[in-house]
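# Observations on the three-dimensional arrangement
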Amino acid sequence: MHWKLMISSCLFILTACEQNNAKLTFAELEAAGFEKYQQQFFQLVGATNAWSGSWANEEVEVYTVDDPDLENSAFYKSIRTNRPDSTWNAKCVHKNVIMLSKGEKACEQLAKL
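The structure displayed is predicted, hence computed values, not measured ones.

### Describing the confidence of the model for the protein
- Confidence along the protein averages 84 in pLDDT terms, with 81% of residues attaining 70 or more.
- Segment residues 2–19 is flagged for pLDDT under 50; beyond a separation of four residues in sequence, or across chains, it makes 1 contact in the model.

### Structural notes on the sheet that holds strand β2 (residues 49–55)
- Here we have 5 strands laid out as an open sheet, ordered β1-β2-β3-β5-β4, and antiparallel in their pairing. Looking at which strands have only one partner, the edges of the open sheet turn out to be β1 (35–39) and β4 (90–94). Taking the axes of each pair of neighbouring strands and ignoring which way they run, one obtains an average angle of 25 degrees across the sheet.

### Brief notes about the pattern of salt bridges
- Taken as a whole, this structure holds 3 salt bridges when the rule is applied.
- Here Glu30 makes a salt bridge to Lys36, at a shortest N to O gap of 3.7 Å.
- The partly exposed category is assigned to Glu30, whose relative accessible area is 36%.
- Assessed through its relative accessible area of 30%, Lys36 is described here as partly exposed.

### Digging into the pairing of strand β3 (residues 58–64)
- For β3, a buried count of 6 out of 7 residues is recorded, marking the element as mostly surrounded by other parts of the structure.
- In the sheet, β2 pairs with β3 via 7 bridges, with the strands oriented antiparallel. The residue of β3 that forms the bridge with Asn49 is Thr64.
- Where β2 folds back onto β3 in an antiparallel hairpin, the turn is made up of 2 residues, including Ala56, whose phi is positive at roughly 55 degrees.
- Bridge count between β3 and strand β5 (residues 97–101): 5 bridges; the pairing is antiparallel. Directly across from Tyr63, in β5, lies its bridge partner Ile98.

### What to know about the state of the cysteines
- Under the counting rule described, the total for this entry stands at 1 disulfide.
- Here Cys92 engages in a disulfide with Cys107; their sulfurs sit 2.2 Å apart. Every disulfide takes its handedness from the sign of the S-S torsion; for Cys92 and Cys107 that torsion is -90 degrees, giving left-handed. A residue pair is termed long-range when its members are at least 10 positions apart, and Cys92 in strand β4 and Cys107 in helix α4 (residues 105–111) qualify at 15 residues.
- The class for Cys107 is buried, based on a relative accessible area of 10%.

Quick notes on the rules
Residues numbered from 1 in each chain as written. Predicted model: local features only at pLDDT ≥ 70, side-chain atom pairs only at ≥ 80, totals over all residues. Heavy atoms only, no water. pLDDT = per-residue confidence, 0-100. Contact = heavy atoms within 4.5 Å. Pairing = 2+ DSSP bridges. Helix = DSSP H or I, 4+ residues; strand = E, 2+ residues; numbered from the N terminus. Axes fitted to C-alpha atoms, helices over the stretch in contact; angles between N-to-C directions. Salt bridge = Lys/Arg side-chain N within 4 Å of Asp/Glu carboxyl O. Buried < 20%, exposed > 50% of the residue type's maximum accessible area, 1.4 Å probe, protein only. Disulfide = S-S within 2.5 Å.

This is how it looks when you write it as structure tokens:
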């Protein structure tokens, strides 16, 4: 009986890890409140897709990528925030998404997914 409990526990942990690493789609982002305006040139930064738009009443750019280490990607590191010469106030990473925002609320919404 113990082996059944152990197998069940392992399956639960694997399922939870897989859900945590699941990739978000633009359809899921839109269902959560992202409104697409214009597609961006995503190939230039190594993304799989990108759109500008709004989320939580903030201007944003949203990029989906395949790189599992987004925070250390050259593109993410190149974005400067909260400086006089910066276009963006915030940048955030969640699952397979990099978001640049004019505020903080959009990143909070993304983190909930």
